[in-house]
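# Examination of the molecular architecture
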Amino acid sequence: MISVREAREQFRPADVKVLFIAEAPPCATDRFFYFTEVNTGDSLFLYLIRAVFPDLDNIPTKQLRSMKEELLFRFQEEGFYLEDSLSLPLLKGTTPIQKLKTIRAGQFELHQTILPYRSTSKVVLLSSTV
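This report concerns the structure included in the present document. Just so you know, these numbers come straight off a predicted model, no measurement behind them. (Residues numbered from 1 in each chain as written. Predicted model: local features only at pLDDT ≥ 70, side-chain atom pairs only at ≥ 80, totals over all residues. Heavy atoms only, no water.)

### Here's the deal with the environment of Asn39
The residue Asn39 is located in the loop between β1 (18-22) and α2 (43-52) in this model. Measuring from C-alpha to C-alpha, the distance between Asn39 and Arg8 comes to 18 Å, with 31 residues separating the pair along the chain. (Helix = DSSP H or I, 4+ residues; strand = E, 2+ residues; numbered from the N terminus.)

Pasting the structure below:
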């Protein structure tokens, strides 16, 4: 199986126009946004794809999932890219306070992630904790 890092890099645009920042990779690594063979638990992918591509709003979820690789390439071609605030998943059962503390502790890492994009990209935070 391809790693999270390899999957993310496969779909990194040459020119990132919009950088989306989510909290962290999922605990269940088989549900990662950039994995093309995900059949459940991929709400971030479904909501984000529908948000940036309004023409897909009425496409059934099952059909969107069957088109995932194609849609990820479209996402890439349009200059969209998704990173996570943290490099490691948050543990299951993490309370909101613990989550906030963990994300705050990772702010240097997040700053390093955003730094290369700050002059050429819009940055969109996908969670209030981020």
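### Observations regarding the sheet that holds strand β3 (residues 122-125)
Spatial strand order, β2-β1-β3: three strands in an open sheet with parallel pairing. Because the sheet does not close on itself, it has two edges, and the strands there are β2 (80-84) and β3. Strand-to-strand, the axes of this sheet are offset by a mean angle of 25°, without reference to chain direction. Sheet topology places β1 next to β3; four bridges connect them, and they run parallel. (Pairing = 2+ DSSP bridges. Axes fitted to C-alpha atoms, helices over the stretch in contact; angles between N-to-C directions.)

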